[in-house]
Amino acid sequence: MEYGKISNEKAKAAIEAWQKGDPTLWLSFFTTDAKLFDDGHPRDFKKFSTEAIGHERFTSIDKVEDNGMSVYGHFHSDTWGDFKTYFKFHLDAAGKFDKLEIGQASY
């Protein structure tokens, strides 16, 4: 995986934790009340994180935007199969992610 494409160090570290299937490390990058939007629809962030980690992963990182905060790539889900997706990270004033937007990408 080409993590070097992700220029934001916190976003890169979070993606690496996701890829390793480490929910504790992944959650450490987020506020306790982080919001999740899946194709614009609110979802339970903690439930998503603990259920999806280890069963979903990027298979390639194809594009990075917004100073390394928006990551696009091919993705594999044990449940949904293979598709293009994005993870868009949002930082709060204290330097933790307080919102994550995910969804199918059409780049």
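This one's a predicted model, so the numbers in the text were calculated from it and none came from an experiment.

A. Spatial organisation of the nonpolar core. Formed by 26 residues in total, the largest nonpolar core has its most connected members in Trp 18, Trp 26, Phe 30, Phe 87, Phe 89, Phe 97 and Leu 100. Those elements that place two or more of their residues in this core are helix H1 (9-20), strand S1 (30-38), helix H3 (45-52), strand S5 (70-77), strand S6 (81-91) and strand S7 (97-104). Sequence-distant contacts of Leu 100, defined by excluding residues within four places in its chain, comprise Trp 26, Phe 30, Lys 35, Leu 36, Phe 37, Phe 45, Phe 87, Lys 88 and Phe 89.

B. A look at the pattern of salt bridges. In total, this model carries 5 salt bridges according to the counting rule given. Notably, a salt bridge pairs Asp 78 with Arg 57, separated by 4.0 Å at the nearest N-O pair. Taken together, the residues span a long stretch of sequence, with Asp 78 in the loop between S5 and S6 and Arg 57 in strand S3 (residues 56-58) at a distance of 21 residues. The partly exposed category is assigned to Asp 78, whose relative accessible area is 47%.

About the criteria used
Residues numbered from 1 in each chain as written. Predicted model: local features only at pLDDT ≥ 70, side-chain atom pairs only at ≥ 80, totals over all residues. Heavy atoms only, no water. Core = buried A, V, L, I, M, F, W, Y, C linked by side-chain atoms within 4.5 Å. Buried < 20%, exposed > 50% of the residue type's maximum accessible area, 1.4 Å probe, protein only. Helix = DSSP H or I, 4+ residues; strand = E, 2+ residues; numbered from the N terminus. Contact = heavy atoms within 4.5 Å. Salt bridge = Lys/Arg side-chain N within 4 Å of Asp/Glu carboxyl O.

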